[in-house]
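Summary of structural features
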Amino acid sequence: MALKKAPPATLVIFGGTGDLARRLLVPAIANLCEDGLVGEDLQIIGIGSREGTDEDLRAGLDEFTPKDECWSRLRGQISYLRGDFTQAQLFEDLTKTLGKAGNVVFYLATPALFFGPIIESLAKAGLMEEQNGAFRRVAVEKPFGHDLASAHALNEQILNVISEQQIYRIDHFLGKETVQNIMVARFANPWLEAVWNNRYIDSVQITAAETVDVGTRGAFYDATGALRDMVPNHLFQLLAMVGMEPPNDLSADSIRTEKAKVLVAVREPTPAEAKADGVRGQYAGYRKTADVSPKSEVETYVALKLWVDSWRWAGVPFYLRTGKALKARDTEIVVTFKPVPLALFRDTPVAHMPPNRLVLQLQPDEAIDLDFMVKKPGPKMQATPVTLDFKYADKFKIGGRTGYETLLYDMMMGDQTLFQRADQIEAGWAAVQPFLDVWGKGKGKVETYKKGSDGPEGAAELLERDGRQWHEIGA
Ligand code: BG6
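It should be emphasised that the depicted structure is a prediction, and the values quoted were computed from it without experimental measurement. (Residues numbered from 1 in each chain as written. Predicted model: local features only at pLDDT ≥ 70, side-chain atom pairs only at ≥ 80, totals over all residues. Heavy atoms only, no water.)

Considering the site of the ligand
Lining the immediate surroundings of the ligand are Lys142, His172, Phe173, Lys176, Glu210, Arg217, Asp229, Met230, His234, Lys324, Arg329 and Gln363. Here an oxygen atom of the ligand sits 2.5 Å away from a polar atom, N or O, in the side chain of lysine 176. At 2.6 Å from an oxygen atom of the ligand is found a side-chain nitrogen or oxygen belonging to glutamine 363. Protein chains bury 81% of the 390 Å² of accessible surface belonging to the ligand in isolation. No other element matches the 3 residues that helix 10 (residues 225-243) contributes to the shell around the ligand. Partitioning the shell around the ligand into residue classes produces 2 nonpolar, 3 polar and 7 charged. (Near = heavy atom within 4 Å. Polar contact = N/O pair within 3.5 Å; in protein donor to acceptor, adjacent residues only side chain to side chain. Areas by Shrake-Rupley, 256 points an atom, 1.4 Å probe, with all protein chains shown as cover. Helix = DSSP H or I, 4+ residues; strand = E, 2+ residues; numbered from the N terminus. Nonpolar A, V, L, I, M, F, W, Y, C, P; charged D, E, K, R; others polar.)

See below:
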C-alpha cells in the first residue's frame, strides 16, 4: 500500500543552521520530497542566532542535500528567522511569521537545556494551541534529562503546558530500518518467537561499538559519559525491542506500553550489584581532548550486566556495552541459545559444539546471521557449525537515507510509535540510576583502554565470571 502524502504543514527548526539540521533533518526532508511524501505545501523555517538571510540559510543547507529538481523546489520553501531562544521577542516574531499557519511541528535541534524553556515560551505565546483541527507538535532530541530526577522534572515541565500527544521525544536509533525490523523478525516468524524466552535463550548481548573518539564534543561528553549518552536511550530501545511482549495491535500506545513494561522490569541493582555488574573504561588520551578535564573520571566505555524480571526473561542475563575509539564500528544484538539437553554426538567434542546463535547486525553491513549445527559430510556422525547469512544489501536498497525520514514523516502524520513516552524515558533512567549513584560516590574506578582495542579488560572479565564471552567486535 502506497504511503499517503503528509498533510500541509510548517516545520520550524530551532537550531536551523546547526549540524543536525544540515546533515540529517533537511536531507531527510529532501528524501521525503523525492518519495512524494512532502510537497509544495511544506514550509520550513530555520531559527538561528546569527544575522543572515533566507538565501544564507539555503546555501548552508545545500552541502548535504541531493542536487536534484526536488531540492531546488524545496529550497524556495525555506526561510530564516533570527532570534534568541531565551527572549520573548523571538516568540513574538515567530507568531507573526507563522501568521495563520495551521499544522506546525516545532523541532528543537538545540542543546537540551533549552527544551523546557522553549516549550514553555511556545505555549505562553499560544503557539501550541490546536485550533480548527490543526496540529501543533514539538520534537525534542536527546539527552532527555541527566538522571532520573531531572528527566522526571523535564517531563513535568513539558506536560504542564502541552499534552503527551503533542510531544515527540526522539531516539534516532528508532529511525534505523534494522531496529524497526526487530519487531518484524520476532512477530512475523513463528519459529523464532517460539524459542524467544528463558527456556531456550541463554543470554543476550547488545553492543554499540564506535571507532570515532570524542573529537570536538569534549564539553558535552565530559559532562555526560558513555552511560548517559547511549544506555538509557539507544541501548534500552534495543533491549525493549528484544524483550517486549507482542502488542495487542500496532497502535503507538499498544507498542509503547509493551516497551515500557520491559524497561520497568529491568531490575534496579543494589549498590553492591551495581559496583560488580558495571564496568567503566576510558580510552588512553581522552583527558587530552579539548574541553575535557585533565583529571576526568568520565567513562568513554561502559559494560553492564542487567536482568529483566519478567516471566519471559527471568534468569537470562542481558549484557550491554558501548564505547568510543574501539577497534570497529559495530552495532549488534547477539542472542545465544541454550545447549541441547543431551550431547548425542559423542564424536563431536563439546568445544566444537558451539550454541545456536542469532546475530542481528544493525549497522554497518546490515545483516542477520543464524549459527546452527549440521552434519559434517563423511562416514562419522559429526556435527559442525555453519551460518545462514542474510545481508540486507543483497535484497534491498537501504543506503542513502539519514534515518530521520520515517521520524519526520511520522511526526507530520501524528504517529508516535517510534517516539518515547514519558514513562519509557523515566523507566530507562530508573534502571541505570543505581550505577550512576555508585560511580558518583567514587566507587567503580575507570579503567584505561587502548584506542583501537576491544575496550577495558574488566568488560571481558564481567562475562568470563559467568563462563561466557563477548561476541567479537566487528566479526
Ligand atoms: C548519539 C550519541 O546519540 O548517538 C553519540 O550522542 C553517538 O555519541 C551516536 O556517536 C551514535 O549513533 P549512530 O547512529 O552513529 O550509531
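Some details on the domain arrangement of the protein chain
Domain boundaries in the protein chain define domain 1 (9-141) and domain 2 (174-395 + 421-464). Here the C-alpha centre of domain 2 lies 35 Å away from the C-alpha centre of domain 1. (Domains from an automatic or database assignment.)

As for the side chain of glutamine 420
In this fold, glutamine 420 is placed in the loop between helix 14 (405-413) and helix 15 (422-440). For glutamine 420, a relative accessible area of 5% puts it in the buried group. Of note is the side chain of glutamine 420, whose polar atom sits 2.5 Å from the side chain of glutamine 237. With residues near it in sequence (within four places) discarded, glutamine 420 still touches Glu164, Arg169, Asp171, Asn233, Gln237, Arg256 and Ile425. (Buried < 20%, exposed > 50% of the residue type's maximum accessible area, 1.4 Å probe, protein only. Contact = heavy atoms within 4.5 Å.)

Let's talk about the sheet that holds strand 3 (residues 78-82)
Read across the open sheet, the 6 strands follow the order 3-2-1-4-5-6; overall the sheet is parallel. In the strand order of this sheet, the two ends are held by strand 3 and strand 6 (167-169), each with one partner. Adjacent strand axes in the sheet meet at a mean angle of 20°, parallel and antiparallel pairs treated alike. Docked against the sheet, helix 4 (residues 88-98) engages strand 1 (9-14), strand 2 (42-48), strand 3 and strand 4 (104-108), running at close to 160° with respect to strand 1. (Pairing = 2+ DSSP bridges. Axes fitted to C-alpha atoms, helices over the stretch in contact; angles between N-to-C directions.)

As for the state of the cysteines
Taken as a whole, this structure holds 1 disulfide when the rule is applied. Linked covalently through their sulfurs, cysteine 33 and cysteine 70 form a disulfide whose S-S length is 2.1 Å. The disulfide joining cysteine 33 to cysteine 70 has a torsion of about -95° about its S-S bond and is therefore left-handed. Here cysteine 70 lies in helix 3 (residues 69-75) and cysteine 33 lies in helix 1 (residues 19-34), a separation of 37 residues in the sequence. For the pair formed by cysteine 33 and cysteine 70, the shared burial category is buried. (Disulfide = S-S within 2.5 Å.)

Some thoughts on the packing of aromatic side chains
Within the structure shown, the criterion is met by 14 aromatic pairs. Ring geometry for tyrosine 301 and tyrosine 449: centres 5.7 Å apart, planes at 65°, overall edge-to-face. Of this pair, tyrosine 301 sits in strand 9 (residues 301-307) while tyrosine 449 sits in strand 15 (residues 446-449), placing them 148 residues apart in sequence. Plain terms: the ring middles of phenylalanine 435 and tryptophan 439 are 5.9 Å apart, the flat faces sit at 50° to each other, and that makes the pair tilted. Of the two residues, phenylalanine 435 and tryptophan 439 both sit in helix 15, 4 residues apart, roughly one turn of that helix. (Phe/Tyr/Trp six-rings, centres within 6.5 Å; stacked < 30°, edge-to-face > 60°.)

As for helix 2 (residues 54-62)
Listing the buried residues of helix 2 in full gives Leu57, Arg58 and Leu61. Viewed along the axis of helix 2, the buried residues span an arc of 95°, placing them on a single side of the element. Here the buried face of helix 2 lies against helix 1, strand 2, helix 3 and strand 3. (Arc of directions from axis to C-beta.)

A few points about the environment of leucine 174
With respect to the helices and strands, leucine 174 occurs in the loop between strand 6 and helix 7 (177-187). When its relative accessible area of 1% is taken as the criterion, leucine 174 is described as buried. For leucine 174 and tyrosine 283, which are 109 residues apart along the polypeptide, the C-alpha to C-alpha distance reads 28 Å. With residues up to four places along the chain from it excluded, the contact list for leucine 174 reads Val179, Gln180, Gln237, Met241, Lys259, Leu407 and Leu418.

A few points about the packing of helix 1 against helix 14
Two elements in contact, helix 1 and helix 14, have axes whose closest approach is 9 Å; the angle formed by their N-to-C orientations is 75°. What the angle tells us is that helix 1 and helix 14 run roughly perpendicular. Facing Leu25, Ala28, Ile29, Asn31 and Leu32 of helix 1, the residues of helix 14 in contact are Glu405, Leu408, Tyr409 and Met412. Within the contact of helix 1 with helix 14, the residues separate by chemical class into 7 nonpolar, 1 polar and 1 charged. (Parallel < 35°, antiparallel > 145°, perpendicular 65-115°, else oblique.)

Remarks on the nonpolar core
If you look at the biggest cluster of nonpolar residues, it comprises 138 residues, and the most contacted ones within it are Phe14, Phe106 and Tyr107. Top element by residues in this core is helix 10. It accounts for 11 residues. Each of domain 1 (9-141) and domain 2 (174-395 + 421-464) contributes no fewer than three residues to this core. Beyond its immediate stretch of four places on either side in the chain, phenylalanine 106 contacts Val12, Phe14, Leu94, Leu98, Leu122, Leu127, Met128, Arg136, Arg137, Val138 and Ala139. (Core = buried A, V, L, I, M, F, W, Y, C linked by side-chain atoms within 4.5 Å.)

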